[in-house]
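Take a look at the letters that make up each chain.
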There are 2 protein chains.
Amino acid sequence: MKRNVLIIGAGGVAQVVAHKCAQNNDILGELHIASRTRAKCDAIIEGVVAKGAMKVPGTFSSHAVDAMDSAAVAALIRDTGAEIVINVGSSFVNMTVLDACLETGAAYIDTAIHEDPKKICEAPPWYGNYEWKKRDLCAAKGVTAILGAGFDPGVVNAYARFAADQMDEVTSIDIVDINAGSHGRYFATNFDPEINFREFTGTVYSWQNGGWQENAMFEVGQDWDLPVVGTCRAYLSGHDEVHSLAANYPKADVRFWMGFGAHYINVFTVLKNLGLLSEQPVKTAEGLEVVPLKVVKAVLPDPASLAPDYTGKTCIGDVVKGVKDGKPVELFVYNVADHKEAYEEVGSQGISYTAGVPVVAAAMLVASGEWDAKTMKNVEELDPKPFLTILDRIGLPTRVQIGGLGGEDRAWNA
Amino acid sequence: MKRNVLIIGAGGVAQVVAHKCAQNNDILGELHIASRTRAKCDAIIEGVVAKGAMKVPGTFSSHAVDAMDSAAVAALIRDTGAEIVINVGSSFVNMTVLDACLETGAAYIDTAIHEDPKKICEAPPWYGNYEWKKRDLCAAKGVTAILGAGFDPGVVNAYARFAADQMDEVTSIDIVDINAGSHGRYFATNFDPEINFREFTGTVYSWQNGGWQENAMFEVGQDWDLPVVGTCRAYLSGHDEVHSLAANYPKADVRFWMGFGAHYINVFTVLKNLGLLSEQPVKTAEGLEVVPLKVVKAVLPDPASLAPDYTGKTCIGDVVKGVKDGKPVELFVYNVADHKEAYEEVGSQGISYTAGVPVVAAAMLVASGEWDAKTMKNVEELDPKPFLTILDRIGLPTRVQIGGLGGEDRAWNA
């Protein structure tokens, strides 16, 4: 049993996390939120209060912290008495926040893999470069660390485990992520442009035939006929969960497919070919050193600003194939979320919503002890059922199509 | 009679100017070249020496100068004894260099209009915002200043005057600029990207029906069937020469058309819509203030680097319509230049060549006295015949199609 939550970060996902923590503060206890800019935290808390989101009377406090400063984060954990840290700050702060948890004994939960701002798409498996190096230390200290507990990675890992548990052998896991929503802008990314573009500028790693396969972004495309959103084209992409699922299901092919429209691909291709998505600094004629990608981020809309006008739905799920009793079996496990409903509930768009809700479900399971693993875990290494049960209740219900895409459609636990 | 030339600038056009001055140093006298980075000047001089371009033995010296510092430029003019200054530096330095000429009495010649780095496409006529404000002072001091003596503006102004001199009344001047060459890169601008894009991000001004008409870039397109390069699509664009020709031929419609392929337009549209062509600074998440356009410039190929692989031709000319003896008349006055030939002669691509050769022809006419006007002039206010005669000899021959595009084709002076 752990109580009291410290949220690190104050972006779009943090806002969802704050609302969902408030809605479940009977389980989670005192709530705290910290980022470099305390005013952003205060704005989020004001939104929570305005919605009357706190389930029971309790505290929700803001703090200023530089999450790159591990000692400062550890001091804040001690000051607040937080036993659970939800890290939804930039992907660059994972290791310093994790170190603070190792120092204080608090449980650590995040939604995306650690990144070095200077590097893109390092050697697979990505988790091996940073997080997994601390696995033994987590076990030795009995510190719970749950990696990648957003939607993808996160829920999709639980979907893979849920499907795999019904098979004798898994032969392939294809994760398909389609955002069929519309934000009405010329161009915008749905989360931090810097992280968003970094996903697509490097080598696309997939796990096939027992080894890492390398492709270029947009090299391999496939149409998927999905529930609610219809037929959408998705492209083989690099993504965190491929790197843990490949380790846990090494005999299965593990691929991640992300949907893109022609306009997104055109803008991305122009920016990439010009060198404007580079994370390496260039020097202007006036001698100013600047990272092009950071300038692109500066001119693009703030992802949080898209929420009020966002309409349409997302469909994210796993096509899992395998063998059961000697026969081929197939399941599609998925969720459909709605941008407008997300905005009405928590003031955020659907992409932030799907990322933020699961990490709170994970925190509730750490609080209850069910997922308080006392070591480092990726989501597929934990029992998926209590996770999917909470998600059903707090906004992201899971459905299954039996026999694969287009098969008999029912609730996961029907 | 004036002698001794100081070239300001050390970019692609300056390189052409250096070669052409060397090839005519019997007329021009001692040669000097100055820019912020003296090493760039030295590299140009080395290229001139390597080609054996100096017609007669003489000096060609390099200097470091900040052309934004008028007093420093004036001191350099005095030190070098230059009586002719060819300004092919950035468009931001015109006024400080012109002031230095007014201070010292040296003749001033440039190839492009002055720009304030913070402003784009100011109120027409553009020359009225800066250069023409010094016209009376030039006249009072007897200082020669020839504005816009590259190809366009420059040669096309002389073409307009040459055609107009054969008519009783001019009804329209359509300048068409087609670069049908290929540089083999994903995307590049043919001269300084900052200046190149600035031309197309603001209002497109044309002079029609006796007034300024405003359009957006790429709003008005037209196919032109031109000699050598064939049918090309060109778009109504803002350009310097429209602003002086409209003042000198106020009864004629004056339009400038620039050719663009679909790929250029796509890249430009993406960059512009994202805000990456803005000259106004943005602030990155880290608090760094940076002008997006300067970052785009930093990632694009250096225009000078395109020269070795550039193939194909340019066609630039004036379709001039008018009335002679009560009957409608039409002339197309034009030049065709070749990228590869330009590179072989002076180590530059065709766009730099066509901009750099004419300004040297103008300098030769100042040296001879024929264009030593002792006041400020745009090119169409000067006798075009000696200009076209020199251009024939030094690399940019003029041809005419009688009756307009597709008419009988002959040398301008046949």
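Residues numbered from 1 in each chain as written. Chains lettered and ligands numbered in written order. Predicted model: local features only at pLDDT ≥ 70, side-chain atom pairs only at ≥ 80, totals over all residues. Heavy atoms only, no water.

Chain A goes by Saccharopine dehydrogenase in an unreviewed UniProt entry, where it is assigned to Rhodobacter xanthinilyticus.

## Topic: the overall build of chain A
What counts is decided by this rule: Numbering of helices and strands runs from the N terminus; a helix is a DSSP stretch of H or I covering at least four residues, while a strand is a stretch of E covering at least two. Values of the radius of gyration come from C-alpha atoms, whereas the globule rule sets the reference at 2.2 Å times the count of residues to the power 0.38. Buried means the residue's accessible area, taken with a 1.4 Å probe over protein chains only, is under 20% of the maximum for its type, while exposed means over 50%, and partly exposed covers the values in between. In what follows, a contact means two residues having at least one pair of non-hydrogen atoms within 4.5 Å. For the area figures, the Shrake-Rupley method with a 1.4 Å probe applies, and any residue is considered shielded solely by the protein chains shown. Positive charges are assigned to Lys and Arg, negative charges to Asp and Glu, while His and the chain termini are left out of the count. Charged groups are reduced to one reference atom each: NZ for lysine, CZ for arginine, CG for aspartic acid, CD for glutamic acid.
Per the secondary structure count, chain A includes 14 helices and 19 strands. Over its C-alpha trace chain A gives a radius of gyration of 20 Å, about what one expects of a compact globule, namely 22 Å for 414 residues. In terms of principal-axis extent, the alpha carbons of chain A reach across some 60 × 55 × 40 Å. Counting across all 414 residues of chain A, residues that qualify as buried make up 58%. Once local pairs closer than 6 in sequence are excluded, the contacts in chain A between residues at least 24 apart make up 72%. Only carbon and sulfur atoms are counted for the fraction: they give 49% of the accessible area of chain A, which is about 15100 Å². Measuring between centres, the 36 positive side-chain charges of chain A sit 2 Å from its 52 negative side-chain charges.

## Points about the domain arrangement of chain A
All names here are of chain A. The line we're drawing: Each domain's limits were defined by an automated method or a database of domain assignments. Reported buried area values correspond to the accessible surface (1.4 Å probe) lost by two parts on association, with both partners' losses combined. Salt bridge criterion: a side-chain nitrogen from Lys or Arg within 4 Å of a carboxyl oxygen from Asp or Glu. Polar contact criterion, stated in full: a pair of N or O atoms within 3.5 Å, where within protein one must be able to donate a hydrogen and the other to accept it, and residues adjacent in sequence count only if both atoms are side-chain atoms. Charged residues are taken to be Asp, Glu, Lys and Arg, nonpolar residues to be Ala, Val, Leu, Ile, Met, Phe, Trp, Tyr, Cys and Pro, and polar residues to be all remaining types, Gly included.
If you check the domain split of chain A, you get domain 1 (5-150 + 350-394) and domain 2 (155-346 + 398-411). The interface of domain 1 with domain 2 comprises 41 residues on the first partner and 39 residues on the second. Summing both sides of the interface, domain 1 and domain 2 together bury roughly 3500 Å²; the carbon and sulfur share of this comes to 61%. Where domain 1 packs against domain 2, one counts 1 salt bridge. Residue K20 pairs with E345 through a salt bridge whose shortest N-O separation is 2.5 Å. Connecting domain 1 to domain 2 are 18 residue pairs in polar contact (both at pLDDT 80 or more). Within the residue set of the side of domain 1 that touches domain 2, elements represented by two or more residues are α1 (12-23), α13 (350-368) and α14 (384-394). Here the side of domain 1 that touches domain 2 is built from residues that sort into 22 nonpolar, 8 polar and 11 charged.

## Some thoughts on the UniProt feature "domain: Saccharopine dehydrogenase-like C-terminal" (unreviewed entry) in chain A
Formally: UniProt positions are given in the numbering used here, feature names are shortened, and annotations may be inferred rather than shown by experiment.
Per the UniProt entry, the sites bearing "domain: Saccharopine dehydrogenase-like C-terminal" (unreviewed entry) are residues 150-395 of chain A in this numbering. For residues 150-395 of chain A, the helix share is 35%, the strand share is 29%, and the end-to-end C-alpha distance is 13 Å.

## Some words on the relation of the copies chain A and chain B
Note the threshold: Copy-to-copy superposition: least squares on the C-alpha atoms, limited to residues that have pLDDT of at least 70 in both copies.
Once chain A is rotated about the relating axis by 179° and shifted along it by 0.0 Å, it coincides with chain B to within an RMSD of 0.0 Å. Taken together, the rotation and translation describe the operation of a two-fold axis. The share of interface residues of chain A whose copies in chain B are also at the interface is 100%, consistent with both copies meeting through the same surface.

## Re the interface of chain A and chain B
Contacts between chain A and chain B engage 27 residues on the former and 28 residues on the latter. Carbon and sulfur atoms make up 75% of the surface buried where chain A meets chain B, a total of about 2300 Å² over both sides. Looking at the side of chain A facing chain B, the largest losses of area belong to Y186(A), L274(A) and V299(A), adding up to 25% of the total buried there. Between chain A and chain B we count 2 salt bridges in total.

## A short note on the sheet that holds strand β4 (residues 84-87) of chain A
Residue and element names in this part refer to chain A. Quick note on the threshold: For two strands to pair, DSSP has to find at least two bridges joining them. Axis definition: a line fit to C-alpha positions, over the contact stretch in the case of helices; interaxial angles, taken between N-to-C directions, run 0 to 180 degrees.
Overall, parallel pairing links the 7 strands, which are arranged β3-β2-β1-β4-β5-β6-β17 in an open sheet. Either end of the sheet is taken by a strand with one partner, and the two such strands are β3 (60-64) and β17 (376-378). Between one strand and the next, the sheet's axes are offset by a mean angle of 20°, whatever the strand orientation. Bridge count for strand β5 (residues 107-110) against strand β6 (residues 145-147) is 2 bridges, and the pairing is parallel. Across the sheet, residue I109 finds its bridge partner in β6, namely I146.

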